[in-house]
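# Architecture and fold: a report
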Amino acid sequence: MSLRSMILKNARILELDPPAVREGELHIEEGLVVSQGSGPELDLGGAWVMPGLVNAHTHLYSALACGMPLPAHPPETFTRMLEQVWWRLDQAHDQDSVEVSALVGGLAALRAGVTTVIDHHASPRAITGSLERVDGALATLGLRRVLCYEVSDRHGRAGALEGIRAHERLLGERGPSRGVLVGMHAAFTLSDESIRDCVSLARSAGVGVHIHLAESIDDLQAGPPLARLQSLGALLPGSIFAHGVHLEAGDRARLEESGAWLSHQARSNMNNGVGQADHGRYPSRTALGTDGIGSDMLAELQTAVFRANERPGSWGLSRLVQALADGARLASAQLGLPLGRLQPGQAADLVVLDPCPGPPLTEDNLAAALVFRLSSQQVRHVMVDGQWRLWDRQPTGLDPAELDRWAQQTSLNLWSRMAAG
Ligand SMILES: [Zn+2]
């Protein structure tokens, strides 16, 4: 018997990929689900258990944004929105606010049943060492993570080069808890030279890139971005292209053939007013992310379904539930371990939910239940790698009251730097 080994008895187990419901026990040994293990027994009293969720694209640096100074009038274009809101925020970050932001955003993820966070980080005035601060914060909470720095030429070539170098140390320290991609902001803020440098680093490390793609029409002004990225060698397998709201007709085939992933963020698309994604142009490898609007993947799924229902020919509920589940396939490939099912041999990353009284929960209605019945409010305990990282809604790795005090002061400092420009 050892730490990370136990038997969870009297559980109702919800599999997402494909949807299935069964009653029984889960045996966990050394952080893996096994068919027959030993260890202390915990009676879950009929609680629901599902695999840990994955947020396929987020920005933890925006976790302290609520309350920040905003422009007097809503920006008229997406680029103006970046200039007046998000780029003012990322430029105001220092190393401490990067870390606090990651702790606050990471805790929100755990409380929403997320066990792997795929982050796209930017802090142009505190680049070197910032990924290590994000990494340390998520390690404190016990989350698996896939990190990158969003390289951009918007602060000149020197800023781009520092962003590229910021990946180097963690790229050499990848493992089952920490994956690394090479991040780029978006084609429209990058020179050919900087894209080539990012691709070169990604190729030499054997990883993909993580970049915003055709999020708004602003990314199309210099021509179709994916075709340009392809010509510069950036369609590497395992890459994540975020949004794809305005994909070209041939982009689906490009993404399919490359082995890259698309991440879909319906709530962010609505909030930023960038348009409605055409799912007909999405590749089969599509996962869901939040783009920094918290980490509540069930809320994200619900909105994705509602948004799709507004557009004839979009994906239906089952296909979007599959995209939620496919986040675990994406994370598995990044981290090199099997995630996303509660079957022998898979990692013991799971969420224990308070049962929601109501109709019988079956294989046939589980997908609908994920959209209309389950919510993050039911999340009670979260296990990552066989260890409880959230117990009774409280993190086991830090004191939330202490984090709150630190976060309040850090937010005020961050916002005053924003206001000062
Ligand atoms: Zn994003």
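Residues numbered from 1 in each chain as written. Predicted model: local features only at pLDDT ≥ 70, side-chain atom pairs only at ≥ 80, totals over all residues. Heavy atoms only, no water.

Checked against the element boundaries, Ser130 lands in helix α3 (residues 130-141). Accessibility expressed as a relative area gives 0% for Ser130, which makes it buried. For Ser130, the side chain forms a polar contact with the side chain of His121, separated by 3.4 Å. With residues up to four places along the chain from it excluded, the contact list for Ser130 reads Gln95, Val98, His121, Ser123 and Tyr149. (Helix = DSSP H or I, 4+ residues; strand = E, 2+ residues; numbered from the N terminus. Buried < 20%, exposed > 50% of the residue type's maximum accessible area, 1.4 Å probe, protein only. Polar contact = N/O pair within 3.5 Å; in protein donor to acceptor, adjacent residues only side chain to side chain. Contact = heavy atoms within 4.5 Å.)

The subject of this paragraph is the domain arrangement of the chain. The assigned domain composition of the chain is domain 1 (6-51 + 345-393) and domain 2 (53-335). The straight-line distance from the C-alpha centre of domain 1 to that of domain 2 is 28 Å. Overall, the association of domain 1 and domain 2 removes approximately 2,000 Å² of surface from exposure, summing both partners, and the carbon and sulfur fraction of that is 65%. Across the domain 1-domain 2 interface, the total number found is three salt bridges. Between Asp17 and Arg329 there is a salt bridge whose closest N-O contact spans 2.9 Å. The interface formed by domain 1 and domain 2 includes six residue pairs in polar contact (both at pLDDT 80 or more). It is helix α12 (residues 366-372) that contributes the most residues to the side of domain 1 that touches domain 2, five residues altogether. (Domains from an automatic or database assignment. Buried area = accessible area lost by both parts, 1.4 Å probe. Salt bridge = Lys/Arg side-chain N within 4 Å of Asp/Glu carboxyl O.)

A word on the coordination of the zinc ion. Coordination of the zinc ion by the protein involves His57 (NE2), His59 (NE2), His212 (NE2) and Asp291 (OD), with metal-donor separations of 1.9 to 2.1 Å. Because the angles between the four donor atoms bound to the zinc ion fall within 92 to 159°, the donor set is best described as irregular. On the basis of relative accessibility, which here comes to 6%, the residue His212 falls in the buried class. Taking the relative accessible area as the measure of exposure, Asp291 reaches 12% and is therefore buried. (Donors = N, O, S within 2.8 Å, 3.2 Å for Na, K, Ca; no water. Tetrahedral: all angles 85-135°; square planar, octahedral: opposite > 155°, others 65-115°.)

This next bit is on the pattern of salt bridges. When the charged atoms of two side chains lie near each other, side chains of opposite charge can form a pair. Summed over the entire model, instances satisfying the criterion amount to 30 salt bridges. In this structure, Glu132 engages Arg169 in a salt bridge whose closest nitrogen and oxygen atoms are separated by 3.7 Å. Placement of Glu132 in helix α3 and of Arg169 in helix α5 (residues 168-171) is noted, with a sequence separation of 37 residues between them. Put simply, Arg4, Glu30, Arg144, Asp349 and Asp385 are held in one network by salt bridges that share partners.

Moving on: the sheet that holds strand β13 (residues 261-264). Sheet architecture is open: five strands sit in the order β10-β11-β12-β13-β14, paired in parallel fashion. If you trace the sheet from one side to the other, it starts and ends with β10 (182-186) and β14 (286-288), each paired once. The mean angle between the axes of side-by-side strands here comes to 25°, regardless of whether they run parallel or antiparallel. As defined by bridge partners, strand β12 (residues 240-243) adjoins β13 across three bridges and the pair is classed as parallel. The residue of β13 that forms the bridge with Ala242 is Ser263. (Pairing = 2+ DSSP bridges. Axes fitted to C-alpha atoms, helices over the stretch in contact; angles between N-to-C directions.)

Let us look at the environment of Glu215. Locating Glu215 in the fold gives a position in the loop between β11 (209-213) and α7 (225-231). Each C-alpha atom, one on Glu215 and one on Pro357, is 40 Å from the other, the two residues being 142 residues apart in sequence. Not counting residues up to four positions away in its chain, the partners in contact with Glu215 are Phe78, His243, Val245, His246, Ser268, Asn272, Val274 and Asp291. Polar side-chain contacts of Glu215 include one of 3.3 Å to the side chain of His243.

Over its 17 residues, helix α2 (residues 95-111) runs 24 Å from end to end, which matches the ideal 24 Å to within 8%, given 1.5 Å per residue. Where α2 is concerned, the buried positions are Ser97, Val98, Val100, Ser101, Ala102, Leu103, Gly105, Gly106, Leu107, Ala109 and Leu110. Lining the buried residues of α2 we find β7 (114-119), α3, β16 (379-384), β17 (387-391), β18 (394-395) and α13 (400-420). A side-chain oxygen of the first residue of α2 lies 3.2 Å from the backbone nitrogen of Asp96; this N-cap is Asp94. (Expected span 1.5 Å × (residues − 1).)

With that settled, consider the nonpolar core. By size, the foremost hydrophobic cluster in this structure holds 100 residues, and its most contacted members are Met50, Leu229, Phe241, Leu301, Leu370 and Leu374. Top element by residues in this core is α2. It accounts for seven residues. Viewed by domain, this core spans two of them, domain 1 (6-51 + 345-393) and domain 2 (53-335), each represented by three or more residues. Setting aside its immediate chain neighbours within four residues, Leu374 contacts Leu14, Trp48, Met50, Leu298, Leu353 and Ala369. (Core = buried A, V, L, I, M, F, W, Y, C linked by side-chain atoms within 4.5 Å.)

Turning to the pairing of β17, a few remarks are in order. Where β16 lies against β17, three bridges are found, and the strand directions are antiparallel. Looking at the pairing, Met383 lines up with Trp388 of β17. In sequence, β16 turns back onto β17 through a hairpin of two residues, with Asp385 there showing a positive phi of about 55°. Of the pairings in the sheet, the one linking β17 to β18 comprises two bridges and is antiparallel in character.

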